[in-house]
Amino acid sequence: MTDIFDEELREQLALAREALALAKAEGDLDGVQAYQGRIAGLLRTATKHGITVEHTEEEERGEG
């Protein structure tokens, strides 16, 4: 079960990062803010469950 959770979390993180990049490219400020929050939340979940994922400090603060 843990492997499935880890895999899903990483997939959701990748999707959120892609969506953030698209929102930035389109100038969608609301989308940027939403996806920054999504990424930060996923990183908190990863930490809570002992899953190590590469990230920046900005992403952790919701500024990615």
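Throughout, a residue's number is its position along its own chain's written sequence, starting from 1. With the structure being a predicted model, the display of local features is reserved for residues of pLDDT at least 70 and the display and counting of side-chain atom pairs for 80 or more, all residues being used for whole-chain, interface and lining totals. Think of the side-chain values as coming from all heavy atoms in the structure, minus any hydrogens and water.

What follows concerns the environment of E57. Along the polypeptide, E57 turns up in helix α3 (residues 57–60). For the pair E57 and Y35, spaced 22 residues apart in the sequence, the C-alpha separation amounts to 15 Å. Only DSSP runs of H or I with at least four residues qualify as helices, and only runs of E with at least two residues qualify as strands; both kinds are numbered from the N terminus onward.

So, about a negative patch on the surface. Two joining distances apply to patches: 9 Å for like charges and 5 Å for nonpolar side chains (Val, Leu, Ile, Met, Phe, Trp, Tyr), and every residue must have over 30% relative accessible area and no salt bridge. The method behind every accessible area is Shrake-Rupley, applied with a 1.4 Å probe, and residues are considered shielded solely by the protein chains displayed. In the sections that follow, a salt bridge refers to a side-chain nitrogen of Lys or Arg positioned within 4 Å of a carboxyl oxygen of Asp or Glu. A residue counts as positive if it is Lys or Arg and as negative if it is Asp or Glu; His and the chain ends are not included. To locate a charge, take atom NZ for lysine, CZ for arginine, CG for aspartate or CD for glutamate. Together, D3, E7, E8 and E11 give the surface a local cluster of negative charge. Mapped onto the fold, E7 is located in helix α1 (residues 2–26).

Glancing now at the environment of A23. Tracing the chain through its elements places A23 in helix α1. A sequence separation of 12 residues divides A23 from Y35, and the C-alpha atoms of the two residues are 8.4 Å apart. Any two residues whose heavy atoms approach within 4.5 Å at even a single point are treated as in contact. Leave out the neighbours within four places in its chain, and A23 touches D28, G31 and V32.

If you trace the backbone, Q36 turns up in helix α2 (residues 29–48). Apart from residues no more than four positions distant in its own chain, Q36 is found in contact with L20, G62, E63 and G64.

Okay, the pattern of salt bridges next. Following the criterion strictly, the structure yields 4 salt bridges and no others. A salt bridge links E59 to R17; the nearest nitrogen and oxygen atoms lie 2.8 Å apart. Of this pair, E59 sits in helix α3 while R17 sits in helix α1, and the two are 42 residues apart along the sequence. Given a relative accessible area of 10%, E59 falls into the buried group. Among the charged side chains, a salt-bridge network with shared partners connects E57, R61 and E63. Only protein chains enter the accessibility calculation, which uses a 1.4 Å probe; a residue is then buried when its area is under 20% of its type maximum, exposed when over 50%, and partly exposed in between.

Keep in mind these numbers describe shape, not what the thing actually does.
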